[in-house]
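Examination of the molecular architecture
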Amino acid sequence: MIRASYKDYSQNHVFMKGLFSLFKVFKALFSLNVSQILMLFNQRLKGNLTIDKWLEFFKKIEVISVHVPSGHFFLKISIRVFNVFFIVFFGLIFLPLDFLEADSIETLITVLYGLLCILLVVYVMYWILNCIKVENHFSKFILPLVVILKEEVHPRSSLELQANLGQGKRRANYLKKTTNFIRTPISYFFQFLLYIYSISMLLSIPLILVYAWYQPSSVWNQAPSESSGSLYALLGVGSPIVWFIIFGISVSFGPKYPRVFTKIYQNNWLSFKVRLADKSVVDCQIEEIINQIKVVKKNPRGKIKTKHKSKSAENYILKLTLQSGSYDFDSQAKYNRKSPYALRKIPGETRNQVRQKGKVKFKNTQQTPDLQYFLKMVGNAYRQVKKTT
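Residues numbered from 1 in each chain as written. Predicted model: local features only at pLDDT ≥ 70, side-chain atom pairs only at ≥ 80, totals over all residues. Heavy atoms only, no water.

1. Some thoughts on the overall build of the chain
We count it as follows: Numbering of helices and strands runs from the N terminus; a helix is a DSSP stretch of H or I covering at least four residues, while a strand is a stretch of E covering at least two. Three labels apply to residues, based on accessible area from a 1.4 Å probe with only protein chains included: buried if under 20% of the type maximum, exposed if over 50%, partly exposed otherwise in between. Contacts: residue pairs with any heavy atoms within 4.5 Å of one another. Per-residue and other accessible areas were derived by the Shrake-Rupley procedure at a 1.4 Å probe size, with only the shown protein chains allowed to occlude residues.
What the chain contains, in helices and strands, is ten helices and ten strands. The buried share among the 389 residues of the chain stands at 32%. Within the chain, contacts between residues at least 6 apart in sequence are counted, and of these 76% link residues at least 24 apart. For the chain, the computed accessible surface area is about 25,900 Å², with 61% contributed by carbon and sulfur atoms.

What follows is the structure in structure tokens.
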């Protein structure tokens with residue numbers, strides 16, 4: 001009864017749930033070796049290990065992936081709370097309060113040092129949880145796949161695996177950017193002129209303040225003349241007017257609406273090679289193509305609207321290598337050039353190979369690859385051959 005009540009309390013209470021999640025995350029993290037920690041921080045699995053060692057590693061990653069979201073939320077709330085306390089105590093030191101004595105100020109400074117140390121620790125933990133964040137591909141595809149392969153592999157075979165655990169829309173996966181328009185040299189010129197003028201306007205403010213700081217008498221104590229007043233009025237009113245003129249010209253010479261910007265990412269997030277119990281070799285590669293689309297439209301009234309959407313597609317490449325003494329191509333299997341299967345014999349070797357390609361499209365990037373589709377591909381590849389007696 002005591003354990004059940006404590007479990008219900010920890011699940012319902014955000015504070016206890018956050019502490020419990022942090023405890024589970026760092027307990028699993030400290031149980032890993034150096035190479036596993038580096039793979040987790042790089043969000044890339046790579047190695048040639050047995051199935052049992054991979055599963056032992058994956059169980060700890062699964063614990064981390066389950067508890068990271070609640071621990072991340074708890075640390076975010078803690079950072080906000082400690083920041084508020086730090087600002088309050090820091091402001092009390094500089095306020096002219098009569099009841100604050102020298103001993104009280106020293107106590108406040110000590111409290112500030114303590115809060116600063118706590119904030120540093122919390123920020124480091126928050127950064128660690130951001131680095132080891134695992135996407136849904138792992139728990140919904142990679143882990144179940146390895147569990148299934150454990151029942152089908154050769155007892156002494158190892159699994160050669162490479163997998164990306166991070167998001168597909170990363171800088172390392174960026175491929176190219178496309179648009180539905182082509183900018184003219186005139187539009188490039190006025191856009192560059194607009195950038196230069198905007199930067200000069202922003203830099204003029206600190207330059208005026210620096211000039212006023214080093215020569216305060218010539219700026220603040222002397223009355224401005226008519227010429228200087230006209231100059232100040234021209235700079236104050238004319239600068240925005242010139243900026244809007246350049247902006248209008250750049251817009252008029254710019255591309256027409258709607259404008260479509262597409263960023264393409266290519267994420268080779270999984271590849272593995274394993275020897276099955278029937279001495280067949282399965283070699284698979286899965287890549288994710290992500291299209292991040294930005295559409296800018298302008299209605300007749302001049303109002304501009306921007307919409308963002310993402311589409312993704314999974315490309316599967318499967319190679320099933322079979323020994324010719326155990327399997328042979330099925331003469332009854334229908335094969336033509338439009339078929340996704342590629343049946344061929346490897347010259348000089350006693351092996352046959354079945355190649356198959358597949359593609360699955362998704363409406364958004366939140367959907368995970370379908371494991372059933374991949375298992376169906378393996379089954380269809382086996383249907384192209386027959387077992388010899």
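2. Details of the side chain of glutamate 288
Examined against the element boundaries, glutamate 288 turns out to sit in strand β5 (residues 281-298). Excluding its chain neighbours within four sequence positions, the residues that come into contact with glutamate 288 are His137, Gly168, Tyr265, Gln266, Asn267, Trp269, Ser312, Ala313 and Glu314.

3. So, the nonpolar core
Note that soluble globular proteins tend to have their nonpolar side chains buried in a common cluster. Rules: Within this scheme, the nonpolar core is defined by two criteria: the residues are buried Ala, Val, Leu, Ile, Met, Phe, Trp, Tyr or Cys, and they are joined through side-chain atoms within 4.5 Å.
In terms of nonpolar packing, the biggest core is built from 58 residues, with Phe58, Leu270, Phe272 and Phe374 touching the most fellow members. Sequence-distant contacts of leucine 270, that is, excluding residues within four places in its chain, are made with Phe141, Ile142, Leu145, Leu161, Gln162, Ala163, Cys284, Gln285 and Ile286.

4. Let's talk about a positive patch on the surface
Put simply, the rule reads: Without a salt bridge and with relative accessible area above 30%, a residue can belong to a patch; like charges are then joined within 9 Å and nonpolar side chains (Val, Leu, Ile, Met, Phe, Trp, Tyr) within 5 Å. Salt bridges are counted wherever a side-chain nitrogen of Lys or Arg sits within 4 Å of a carboxyl oxygen of Asp or Glu. Asp and Glu are treated as the negative residues and Lys and Arg as the positive ones, with His and the ends of the chain left uncounted. The atoms used to mark charge sites are NZ of Lys, CZ of Arg, CG of Asp and CD of Glu.
Where like charges cluster on the molecular surface, the positive patch consists of Lys297, Arg301, Lys303, Lys305, Lys307, Lys309, Lys311, Lys359 and Lys361. Counting residues per element, the positive patch draws most heavily on strand β6 (residues 304-323), which supplies four residues. Overall, lysine 359 belongs to the exposed group, its relative accessible area being 52%.

5. A look at a nonpolar patch on the surface
A surface patch of nonpolar side chains, about 350 Å² in accessible area, is lined by Phe73, Ile77, Val81 and Phe85. Counting through the fold element by element, phenylalanine 73 comes out in helix α4 (residues 51-94). Overall, phenylalanine 73 belongs to the partly exposed group, its relative accessible area being 45%.

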